[in-house]
Amino acid sequence: MAATSTSDPPAPTRRQKKKAKASANEASGAWYPRWYWPSFTVPGIVWLALLFLLPFFTVLSVAFGTVDPIFRQPLPVYQPWWWSFATFNETLSKFYAGDAIYQGPLIRTFAYVFAASFICLVVGYAVAYYAARYAGKYRVLVLILLISPFWISYLMRIYAWQSLLQPDGYVNDILTGLHIVGEPVNWLAGKHITVILGLVYGYIPFMILPLFGSLDRINQSMLEAGRDLGGSPFETFRRVTLPLSRPAILAGLVIVSLPMFGDYYTNNLLGTTQTSMFGNLIDNAVTQAGRGPEAGSLVIILMIIVIVPMLYYLHETKRAAAAR
Amino acid sequence: MSEMGATAGTAAEATKRQSWFKNPWRKPYFLEGVTVLYLLWSLVPVVIAVIFSFNGGRSRSAWQGFSLRWWTADPFDSLFHNPSLRQAMIQTFKLSSVASVVAVVLGTLFAIGIDRWHGRPARGANFTMLLSFVVPEIILGVSLFLLFTQLLKNTVTLGTGAQWLGLIAFQISYPVIIVRARLLTIGPEYEEAAMDLGATPTQAIRKALLPLLFPAILASFAVTFADTVDDFVTVRYLSGKADSEPLSVKIYGAARASPTPAVNAAATVMLIATLLVIVVGYLIYRRISRGTGDSDVGSFAQL
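Residues numbered from 1 in each chain as written. Chains lettered and ligands numbered in written order. Predicted model: local features only at pLDDT ≥ 70, side-chain atom pairs only at ≥ 80, totals over all residues.

Caption draft 1: Local environment of the interface of chain A and chain B. Each side of the interface is counted separately: chain A has 87 residues, and chain B has 81 residues. Among the elements that line the side of chain A that touches chain B, the one with the most residues is helix 3 (residues 36–63) of chain A, at 19 residues. For the side of chain A that touches chain B, the residue count by class is 63 nonpolar, 19 polar and five charged. (Contact = placed C-beta atoms within 7 Å. Helix = DSSP H or I, 4+ residues; strand = E, 2+ residues; numbered from the N terminus. Nonpolar A, V, L, I, M, F, W, Y, C, P; charged D, E, K, R; others polar.)

Listed below in structure tokens is the structure:
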């Protein structure tokens, strides 16, 4: 093996050598057999093909298949040329035609995701801004505290709020104690605000970290330049800080809203059917017998809804990685 | 006259207020307040939930005195005596340990390969990997459920095996992202040096690259372990009989029915397990990367 590297063309200059190495690395042919690097990825690719792509094909086959009329079992159709779109169209029509029983959940999903993402952005920006610029000697502590929700189970965090919001829970104790409300409020009886705040509580850490990373990288001298050129603090923020953090804002909005679109557990713990979302439709369809094709159809519809933000996020991360 | 004096007074006050507002070095009281309130809001509920695992009564919302009833004392309902909760604890550790080790091995290999392999198939594989990172978990969970109950119903049965397969598929992207970020900072020079000194490519990877990657591998193990302990969407759809439900699924089920503080105790165990792995991981990480300039909490957290 060593022989190949010593029998290289004679004594090039250092720069040439470096260049040659770079191109050799690019082509990955001079130093390594062609199959060498691809072979590292084979287990991962096989895993993803079998357990990420194949499942999605199964969803299509189930959604565009039929149901056994007697046993209420889904009968998937694995040949795309025999796919039937009857169930899919029927599911789709539940969003707009007739009683439109799925319209409520769909509208609520968009409204909740929109409201919750917006609150996440406003609160998250303030917190990230403070942590990145003013935390001073408490910086490490603040950072640990900001990250710690990641290490606490999502379920536990929502469960904790479910306990606090009980009719005899501490939230009502405080509110009645301060005479803000006369009677204890039943927060868990399908209130929009409870579910929205639950979503904010659950996903805001995902917003804060990219914002912190971006605000932390802004060069202090840029802000000073903005001030020196006569900008007010607000003006400097609007014309320097905000544009510089725009990629992080968009990435943060996508990364908090994607899981919210598929969320059903926050709702199931903090709300009722009055506050059900798209995720609840899927979860209900999956767990009931005979509704397999409908569950598959709903998964496809959700995928269509989230594919654009997903691709946008992947595109942006790629661009950011290339710029670095 | 007096009227004019009053106007002058308010004007002066206004200028003073304005100059205070304009002072760029004033303390950012508002932001500080928001941050402190946010941190309290985000962490106090969890602390209260932990405290309530020591509640004396059945309630998880009204304090009825301290006891270890829900941890050990109660012969049937406590966490360490209730057979279903004990089984769930075992299942959680079984799932997380295996899934995180396999995900880290597969993910690390994938990251090394994809970092050096250029070409159309590599881009496709990388894209699929990143897609699995951002896809909402319910989509993957339901897809896997349909895969194992329809297409592969005679090959894989729902339960521990299916949960392992699904968890690894969902988690594999974390080590890939973390290890690749590290690979970018290392560069190819160390391996090249090793090969100039006569190492085969495989020896160069084993003896030069892997030790350099170790902190990243360790961090991805901590992250995936913590994440698999907390995961419940994928695991819930893929659990077969009740004995394959881990703690997270039990907590979800109980929270929707009538939970006792034993659920708080179960959640606390998950919390301790996760924090333990993270803290141990961080300590080892700090030991290894001492002197390389990235041994602070921030760089570990941002991995």
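Alright, that's what it looks like, and here's the rest.
Caption draft 2: Representation of the packing of helix 3 of chain A against helix 5 (residues 120–134) of chain B. Orientation of helix 3 of chain A relative to helix 5 of chain B, taken along the N-to-C sense of each, is 55°, at an axis distance of 10 Å. As the angle between them shows, helix 3 of chain A and helix 5 of chain B are arranged oblique. The handedness of the crossing between helix 3 of chain A and helix 5 of chain B is left-handed. Where helix 3 of chain A approaches helix 5 of chain B, its residues A:Thr41, A:Ile45, A:Leu48, A:Phe52 and A:Leu53 are matched on the opposing element by B:Ala125, B:Thr128, B:Met129 and B:Ser132. (Axes fitted to C-alpha atoms, helices over the stretch in contact; angles between N-to-C directions. Parallel < 35°, antiparallel > 145°, perpendicular 65-115°, else oblique. Left-handed = near helix turned anticlockwise from the far one by under 90°.)

Caption draft 3: How the structure looks around helix 5 of chain B. Taking 1.5 Å per residue, 15 residues should reach 21 Å; helix 5 of chain B reaches 21 Å between its end C-alpha atoms and fits that length. The set of residues buried in helix 5 of chain B consists of B:Ala125, B:Asn126, B:Met129 and B:Ser132. Projected onto a plane normal to the axis of helix 5 of chain B, the buried residues spread over an arc of 120° and lie on a single side. Turned more than 90 degrees off the buried face of helix 5 of chain B, the exposed positions are B:Arg120 and B:Gly124. Looking at the buried residues of helix 5 of chain B, the elements they touch are helix 3 of chain A together with helix 4 (83–116), helix 7 (160–171) and helix 8 (173–186) of chain B. (Expected span 1.5 Å × (residues − 1). Buried ≥ 20, exposed ≤ 12 C-beta atoms within 10 Å, placed from the backbone. Arc of directions from axis to C-beta.)

Caption draft 4: Here's a closer look at the nonpolar core. Core analysis: the biggest nonpolar cluster contains 154 residues, and A:Met156, A:Tyr159, A:Ile282, B:Val142 and B:Ala266 have the highest contact counts within it. Ranked by residues supplied to this core, first place goes to helix 9 (residues 192–217) of chain A with 14 residues. Both domains that meet at this core, namely domain 1 (2–54) and domain 2 (73–301) of chain B, each give it at least three residues. Excluding anything up to four places from it in sequence, B:Ala266 contacts B:Leu79, B:Leu85, B:Leu247, B:Lys250 and B:Ile251. (Core = buried A, V, L, I, M, F, W, Y, C linked by C-beta atoms within 7 Å. Domains from an automatic or database assignment.)

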